[in-house]
Amino acid sequence: MSRRGRVTVGVLVGVFLLFTLLGWGIDKYTDYLWFQEVDKTSVFTGVLVTRLLLFLAVGLAVALVIVANLYLAYRLRPLLRPHSAEQATLERYRMVIQPRFGTWIAVVGIVIGFFSGLSAQNRWKDWMLFQNSQPFGVEDPQFKVDVGFYVFEYPMLRYLLGVAFTAIVLSVIGALAVHYVFGGVRLQGVGDRMTAAARAHLTTLVAVFVLLKAVAYILDRRALLLEQHVAPNLYGAGYTDVNALLPAKEILAYISIVVAIAIIVFSNAVMRNLVWPGVSLALLAVSAVAIGGIYPLAVQNFQVKPSQADKEAPYIARSIAATRAAFGLTDTKTTAYDADVVTPPANLAANSSAQNVRVIDPQLVSEAFTQSQQVRGFYDFGPKLDVDRYTIAGKTQDYVVGVREINDQALTEQQQNWLNRHTTYTHGYGLVAAPANTSCGGLPVFVSGSLGSTGTATNCASSSTDQIKVDQPRIYYGEQSTEYAIVGQTDENKKVEFDRPQPNDANAEQRYTYDGTGGVPIGSFFRRLVFAIKNTESNFVLSDAVNDNSRLMYVRDPRSRVEKVAPFLTIDGDPYPAVVDGRITWILDGYTTSASYPYSQRINLQEETTDELTGTGTFALARDNINYMRNSVKATVDAYDGTVTLYEFDDQDPVLKAWNKAFGGDLIKPKAEIPASLEAHFRYPADMFKVQRNLLTRFHVTQPGDFYSGNDFWAVPNAPDGSEQTKQPPFYLNVQLPEQDSTRFQLTSAVTPNNRDNLAALISGSYVDGKPQLEILELPDETAIPGPAQVHQRMTNNATVRPELNLLQTNNQAQVLYGNLISLPVGDGMLYVEPVYVKSGQNANAAPLLQKVLMSYGDGGRYVVLADTLSDGLEQLVALGKSQAPANTNPGQTGTTPPATGTNPQLTGALADAATALDKAIADVKSAQQANDWVRWGQAMAALDTAINNFQNARNAAGTTTPPSAGPSAQPSAPASTPASPPASAPTPAASGG
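Thresholds applied
- Residues numbered from 1 in each chain as written.
- Predicted model: local features only at pLDDT ≥ 70, side-chain atom pairs only at ≥ 80, totals over all residues.
- Heavy atoms only, no water.
- Helix = DSSP H or I, 4+ residues; strand = E, 2+ residues; numbered from the N terminus.
- Buried < 20%, exposed > 50% of the residue type's maximum accessible area, 1.4 Å probe, protein only.
- Contact = heavy atoms within 4.5 Å.
- Areas by Shrake-Rupley, 256 points an atom, 1.4 Å probe, with all protein chains shown as cover.
- Polar contact = N/O pair within 3.5 Å; in protein donor to acceptor, adjacent residues only side chain to side chain.
- Pairing = 2+ DSSP bridges.
- Axes fitted to C-alpha atoms, helices over the stretch in contact; angles between N-to-C directions.
- Parallel < 35°, antiparallel > 145°, perpendicular 65-115°, else oblique.
- Left-handed = near helix turned anticlockwise from the far one by under 90°.
- Salt bridge = Lys/Arg side-chain N within 4 Å of Asp/Glu carboxyl O.
- Patch = residues over 30% accessible without salt bridge, like charges linked within 9 Å, V, L, I, M, F, W, Y side chains within 5 Å.
- pLDDT = per-residue confidence, 0-100.
- 1 Å grid on protein atoms, 1.4 Å probe; cavity = no way out; pocket = protein on both sides within 12 Å on 5 of 7 lines; lining within 4 Å.
- Points joined across faces, edges and corners; volume = space filled by probe spheres on them.
- Nonpolar A, V, L, I, M, F, W, Y, C, P; charged D, E, K, R; others polar.
- Core = buried A, V, L, I, M, F, W, Y, C linked by side-chain atoms within 4.5 Å.
- Lys, Arg positive; Asp, Glu negative; His and termini not counted.
- Charge placed at Lys NZ, Arg CZ, Asp CG, Glu CD.
- Phe/Tyr/Trp six-rings, centres within 6.5 Å; stacked < 30°, edge-to-face > 60°.
- Lys NZ or Arg CZ within 6 Å of the ring centre and 35° of its normal.

Draft legend 1. Representation of the overall build of the chain. Scanning the chain from N- to C-terminus turns up 26 helices and 30 strands. The 994 residues of the chain split such that 54% are buried. For the chain, the proportion of contacts with a sequence separation of at least 24, taken over those separated by at least 6, is 69%. Surface accessibility of the chain: about 42,200 Å² in total, with carbon and sulfur atoms responsible for 55%.

Draft legend 2. Main features of the side chain of Asn547. As for its placement among the helices and strands, Asn547 is situated in the loop between helix H15 (539–542) and strand E13 (551–553). Among the polar contacts listed, one links the side chain of Asn547 to the backbone oxygen of Ala545, at a separation of 3.5 Å. In contact with Asn547, other than residues within four places in its own chain, are Gly488, Gln489, Thr490, Ile522, Gly523 and Arg528.

Draft legend 3. The sheet that holds strand E4 (residues 395–403), seen in detail. Ordered by their spatial adjacency, 3 strands build an open sheet running E3-E4-E7, and the pairing between neighbours is antiparallel. Among the strands making up the open sheet, the edge pair consists of strand E3 (386–392) and strand E7 (431–435). Strand-to-strand twist in this sheet, taken as the mean axis angle between neighbours without regard to direction, amounts to 45 degrees. Where E4 meets E7, 5 bridges bridge the pair, whose relative direction is antiparallel. The partner of Val403 across the bridge, within E7, is Leu431.

Draft legend 4. Layout of the side chain of Gln480. Its place among the elements puts Gln480 in the loop between strand E8 (474–475) and strand E9 (485–487). Given a relative accessible area of 17%, Gln480 falls into the buried group. Not counting residues up to four positions away in its chain, the partners in contact with Gln480 are Asp380, Phe381, Gly382, Glu405, Ile406, Asn407 and Asp408.

Draft legend 5. Main features of the packing of helix H4 (residues 101–121) against helix H6 (residues 147–181). Between H4 and H6, whose axes approach to 12 Å, the crossing angle comes to 160 degrees. One way to sum up the angle between H4 and H6 is to call them roughly antiparallel. Classified by chirality, the crossing of H6 by H4 is right-handed. Residue-level inspection shows Phe101, Ile112, Ser116, Ser119 and Ala120 of H4 in contact with H6, the latter providing Tyr159, Leu170 and Val178.

Draft legend 6. Looking closely at helix H14 (residues 525–534). Residues of H14 that are buried: Arg528, Val530, Phe531 and Ala532. Elements that come into contact with the buried residues of H14 comprise helix H1 (3–37), strand E12 (520–521), H15 and E13. Phi turns positive, to about 45 degrees, at Thr536, one or two residues after H14.

Draft legend 7. Inspection of the pattern of salt bridges at higher detail. Enumeration over the complete set of coordinates arrives at 28 salt bridges. Here Asp611 ties to Lys690 by a salt bridge, and the two come within 3.0 Å at their closest N and O atoms. With Asp611 in the loop between helix H17 (605–609) and strand E18 (625–626) and Lys690 in helix H20 (residues 686–699), the pair connects residues that are 79 residues apart, well separated along the chain. Classification of Asp611 as buried rests on a relative accessible area of 3%. Residue Glu775 pairs with Arg744 through a salt bridge whose shortest N-O separation is 2.5 Å. One end of the pair, Glu775, is in strand E25 (residues 771–778); the other, Arg744, is in strand E23 (residues 744–753), with 31 residues separating them in the sequence.

Draft legend 8. A look at a nonpolar patch on the surface. Residues Val7, Val11, Val15, Leu18, Phe19 and Leu22 make up a contiguous nonpolar surface patch of about 540 Å² in total accessible area. Mapped onto the elements of the fold, Phe19 is located in helix H1. Relative accessible area serves as the criterion here: at 55%, Phe19 is assigned to the exposed category.

Draft legend 9. The arrangement of the sheet that holds E12 in detail. One open sheet accounts for 3 strands, arranged E9-E13-E12; its pairing is antiparallel. The outermost strands of the open sheet, each flanked by one partner alone, are E9 and E12. Examined bridge by bridge, E9 and E13 share 3 bridges and lie antiparallel to one another. Each residue of the ladder has a partner; that of Ala485, found in E13, is Met553.

Draft legend 10. Focus on the confidence of the model for the chain. Within the chain, residue pLDDT values average 86, and 88% of them lie at 70 or more. For the stretch residues 886–906, pLDDT sits under 50, and the model shows 40 contacts to residues farther than four places along the chain or on other chains. For the stretch residues 961–994, pLDDT sits under 50, and the model shows 82 contacts to residues farther than four places along the chain or on other chains.

Draft legend 11. Highlighting the environment of Phe266. Mapped onto the fold, Phe266 is located in helix H8 (residues 239–270). Taking relative accessible area as the criterion, Phe266 reaches 28% and is therefore assigned partly exposed.

Draft legend 12. Examining the pairing of strand E19 (residues 628–638) more closely. Counting buried residues in E19 gives 11 out of 11 residues, a clear majority hidden from the surface. Taken together, the 10 bridges between strand E16 (residues 583–594) and E19 define a ladder with antiparallel strand orientation. When the bridges of E19 are listed, Leu588 appears paired with Ala635. When E19 meets strand E20 (residues 644–648), the two strands line up antiparallel, connected through 5 bridges.

Draft legend 13. Representation of empty space enclosed by the protein. Taken as a whole and assessed by the stated rule, the structure comprises 8 cavities of 30 Å³ or more. Put simply, the largest cavity is a space of about 90 Å³. Looking at the largest cavity, it is lined by 15 residues, and the ones nearest its centre are Ile406, Thr426, His427, Ser481 and Arg556. Looking at the lining of the largest cavity, the elements with two or more residues in it are strand E5 (405–406) and helix H13 (418–424). Of the residues that constitute the lining of the largest cavity, the class distribution is 5 nonpolar, 6 polar and 4 charged.

Draft legend 14. Broad picture of the nonpolar core. Counting residues in each nonpolar core, the largest one holds 155 residues, and the members touching the most others are Phe327, Phe568, Leu646, Trp659 and Phe663. At 16 residues, the largest contribution of residues to this core is made by H6. In contact with Leu646, other than residues within four places in its own chain, are Val562, Val565, Ala566, Val633, Lys634, Ala635, Leu667, Ile668 and Lys669. Of all hydrophobic cores here, the second largest spans 64 residues; its members include Leu385, Val864, Leu870 and Leu880.

Draft legend 15. Quick look at a negative patch on the surface. Negative charge collects at one region of the surface, where Asp338, Asp781, Glu782 and Asp828 lie side by side. Take Asp338: it is sitting in the loop between strand E1 (333–336) and helix H11 (352–355). Assessed through its relative accessible area of 47%, Asp338 is described here as partly exposed.

Draft legend 16. The packing of aromatic side chains, seen in detail. Taken as a whole and assessed by the stated rule, the structure comprises 42 aromatic pairs. With 6.4 Å between their ring centres and 45 degrees between their planes, Tyr379 and Phe498 make a pair best called tilted. With Tyr379 in strand E2 (residues 379–380) and Phe498 in strand E10 (residues 497–502), this residue pair connects regions lying 119 residues apart in the sequence. Note on Phe498: relative accessible area 0%, which makes it buried. Cluster of aromatic residues (ring-pair linked, three or more members): Trp418, Tyr484, Phe531, Phe540 and Tyr554. Here the guanidinium or amino end of Arg222 rests over the ring plane of Phe149, the centre of that ring lying 5.1 Å away.

Shown next as structure tokens:
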């Protein structure tokens, strides 16, 4: 290469390195400023220093081993080489390599060391845990070694062993190549094929490799406790492993040591050739196959399989106990619940738990929040709201809550310029809350967060003032804060941030200037330049909007902030806002996890936490495989200044103790420092509950024989409306379940027997005296109480309810949406509540309105009502129970089980004729709509009005149920102008209850 070419290459390499290092340096500098803002620089420096040290230590160690062996091979080269065609061919390579041999091996060492260091720096978590390991105080059942060895030390030891294997293998390959190039190893010519020096060098490396294999066999013995071996589909060492594989691994370790010694002795001291070393290696290979493979296979097939249940029973018991301990299931309280009362009790309407059932669905009501409380088109509450509890006027109950944030995607094209996006529309305003068990005109009853008067038609506020007091309602840090924001002004009179509309004039605006401590100060030109380069935005240095008082807010969504401050935590997918001491605070649950708890069941975190709501307001967790999990941290993020605080919640978790020690001991605040006002809003974490619930479907069985048969396993039901084949999510309720002393805010979920749809148990998670408590209400095996899917089908196909549901769908071509179906044990029976929302088909942007509450008691088919409100439905159920004598009072007894269809008896006489006429009238209305024949539509509507009245009169005369709450007044009027397009489909009501 010419001199100019070398200069050109050098310049290009220099420019590449400059920009690479510049980008890396800017990223690290801005990261440091962010950590400085949240006062967590110990995390930044701790992680950075650890990664750099691992990069240098491992990279340098691997490079030195390889370079040393390459150099040793070069020094051991023979001075005289026999003449041969092979050596003549290799001479040209020697002429290129030998003059700069030091440079060549340095380049090889740097390249290999660089990639080895890159691999090592990603192991910073393993190294920090290794350095700061804590005892669990629990021994594994096989080796009687503290579990802390597996969690903290084993992963790093395994990695270091892999690094050693890599270094030795590369050294053997490299040394063999150097010996061959310089004549130490020959394929042609007279004399030995390998010089004594080359033989000694290479055989020593092979012996070291075999010794490492002996260490691997020793670690493999411990690894058996972490792998899937126990039948059926359990983890840990089973009968074959303990009685065949463990002794085999130990024998192979001893054989490896003997083989390593034999390689060195026979190749260098006794016979000085490679025959016996080769025989030794062959012996090791044969032993590995025979002792480590054939013998365990024989034990499995001839001893275990004929009586597997008995042989594996002790090891199944180990897996059950370890799994329950690793996932916090050990103290689960199981109570039998017969649910043998099928008639609504007389005191049902007065039951406080029944009155507290949530009918406001946080997912379906989000659009109603947005349309009723947004005031401006760019405000948004997100796709799903949250549920919390507040005490107002001495009464504690559930509230559906959401924060009014700015949706950057909803800004108009004119508002999308840089100044508006980053300096004007910087924050949201207010926490909006509504009771979870009531509505007003189909809309939530808002008790806080309203921006002035917007009319009683859309704002059903129960009071003129906020009942949940917020001193600082501005939201600078929220789930929809995807853009960076520049706040702060030199001139206090120049307020540029849009704050909110005027209370009495929606077209007027109030402006605001941020005065908090959030954000990174960017008053200096240097910092502006740095962020201009990072964000590729020249306005940082050119715009007057950036001044001496400016602060830059970035990484603003709460989940990302906590993940950045505590990168060792897995953050729950559903952060929620709460008003704590007058400030809006985001509360997040943090989990410590591990994948190396012996004998514990390994799960995929994403698969176990995915349900109907995942991706709709909740985040999907990473696809991590874990076998240990603790809700060890409660984290908070202040919505105004972004302050991140981590509180210790599980003060017994060794993993959290190790991480806290790794970062100086003060990163996590002690549990005793949690303010009572904050603790009042803690709730059982959803993702933790999903994992525990899914595991309990199998691990509620604690007897090995029963577990092996699997006859009593449960399953998590799919969403009951069948709209998506996804798991039904758990629900937060403020209720008192059987065997509980008082009302609790708890997470509940129904489970069904495996491959069946009836109800098997109810699982709940709550806090008792600040500690998590899992409880199971288990129904008898022979129960006929239906599960969520059966209940939904029976209620919606009920002869009385079906016509009214069809009317809701027919009117205005509306879409009927079913909310969360809640199963609640009340009065020694089961109460089912499912809100019914209606979304107008005439307006695609219309919010779903809560029109009815579908309720049933007992078997889900006999006592069914479709009421306007929750309280009305409870009263109607009581009245229905008094008017109808139950055909069965104990669904658990054979021969008295209600009809499998779960519906009322077939209609007869005048009632059946009236129902048939009603079906025909509804069909005529749909037919007229589809044909766009509005004259016939008017006639059909008049006939429908008559059919409804006739059906109501016939039903009242028969005395079957209370009168329907829907009537002709709910029918649509004829269109004034252009007819709407007809509905694609609408189910015909089955008057006979089918």
